[in-house]
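Coordinates in review
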Amino acid sequence: MTTIQGGSVFDFTQRNKPVSNSVIVEELNDFASVHSIGKGANGIVASNSYKRFVYVMSGKLECRNKTTGHTWCCPAGSFTIFSENQIAGFWGAEDSVVLRIVVINPTEIYQELEDEKAYSLKELVSGKPGEISYIHILSCGYTTIWTVSLPKGKHFESMSLNSNMVYMCLDGIAEVDYGDENCRIEKNQSFYGLKGYPIQVTSDSDNTRLLIMKDIL
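Since the model is a prediction, treat every value here as computed from it, not as a measurement.

Brief notes about the sheet that holds strand S9 (residues 87-92)
- Pairing in this open sheet of four strands is antiparallel, and the strands run S4-S9-S6-S7 from one edge to the other. Edge positions in the sheet fall to strand S4 (42-47) and strand S7 (71-75), since each has one partner strand and no second. Averaged over all adjacent pairs, the angle separating strand axes in this sheet is 15 degrees, with direction ignored.
- Where strand S6 (residues 60-65) meets S7, five bridges bridge the pair, whose relative direction is antiparallel. Residue Leu61 lies in a different strand from S7, and its bridge partner there is Cys74.

Structure below.
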């Protein structure tokens, strides 16, 4: 399980840097993990009775469904969904760090998404001038994942978080006011907020994009 402390700023891509031809796995919870994949190393290749969500935080993955022969590529900033009940996996085209979630009994997967295709979060959450834009990617057990686009100066807040939350900055800069603390997060940095604490997240750049994950840690 993770050792990340509540109220802290961290970077998944720096916790376990990739090692050539090796895979390092950090378990976050019972069905979520971070995989640091050295160039040329194989990630998990197996048949699974559940869909798998994989988000590439850095580097580039080559993906293959061995059952069908289908191959596709996922560069940094994109994610893909692996089909259930088929032998499929990924390997490092470059040194890569990815977030992998086994999607058990999903309550929703964003309806326009197809399995085994790379999707850019920038394209999904392009943002409208002056407006906050949200997209719900999926819910799985207690974990929920959204993306949000924030114009400069816009914010969202909670007087008391109802779950533990991770706010990962995909682009731009965000100011985080958390209880009596204040900090900034930039690209690839995340903030971990705990249940019961007040929080406000404000964009400090023209277009800040965040990946928000409920109960991932």
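Thoughts on the packing of aromatic side chains
- Per the stated rule, a full pass over the model turns up nine aromatic pairs.
- What links up through ring pairs into an aromatic cluster is the set Phe53, Phe79 and Tyr119.

Focus on unusual backbone geometry
- Here Asn21, not a glycine, exhibits a phi torsion of approximately 60 degrees, which is positive.
- When you line up the elements, Asn21 lands in the loop between helix H1 (12-15) and strand S2 (23-27).
- In this structure Asn21 comes out as exposed when scored by relative accessible area, which is 56%.

Some thoughts on the nonpolar core
- In terms of nonpolar packing, the biggest core is built from 35 residues, with Phe12, Phe53, Tyr55 and Leu217 touching the most fellow members.
- Broken down by element, this core gets its largest block of residues, five residues, from strand S10 (residues 96-103).
- With residues up to four places along the chain from it excluded, the contact list for Phe53 reads Phe79, Thr80, Ile81, Leu99, Arg100, Ile101, Val103, Ile137, Leu138 and Ile145.
- The next biggest cluster of nonpolar side chains, apart from the first, holds 17 residues, and it includes Leu161, Tyr167, Ile199 and Ile212.

What counts, and where the lines are drawn
Residues numbered from 1 in each chain as written. Predicted model: local features only at pLDDT ≥ 70, side-chain atom pairs only at ≥ 80, totals over all residues. Heavy atoms only, no water. Pairing = 2+ DSSP bridges. Helix = DSSP H or I, 4+ residues; strand = E, 2+ residues; numbered from the N terminus. Axes fitted to C-alpha atoms, helices over the stretch in contact; angles between N-to-C directions. Phe/Tyr/Trp six-rings, centres within 6.5 Å; stacked < 30°, edge-to-face > 60°. Buried < 20%, exposed > 50% of the residue type's maximum accessible area, 1.4 Å probe, protein only. Core = buried A, V, L, I, M, F, W, Y, C linked by side-chain atoms within 4.5 Å. Contact = heavy atoms within 4.5 Å.

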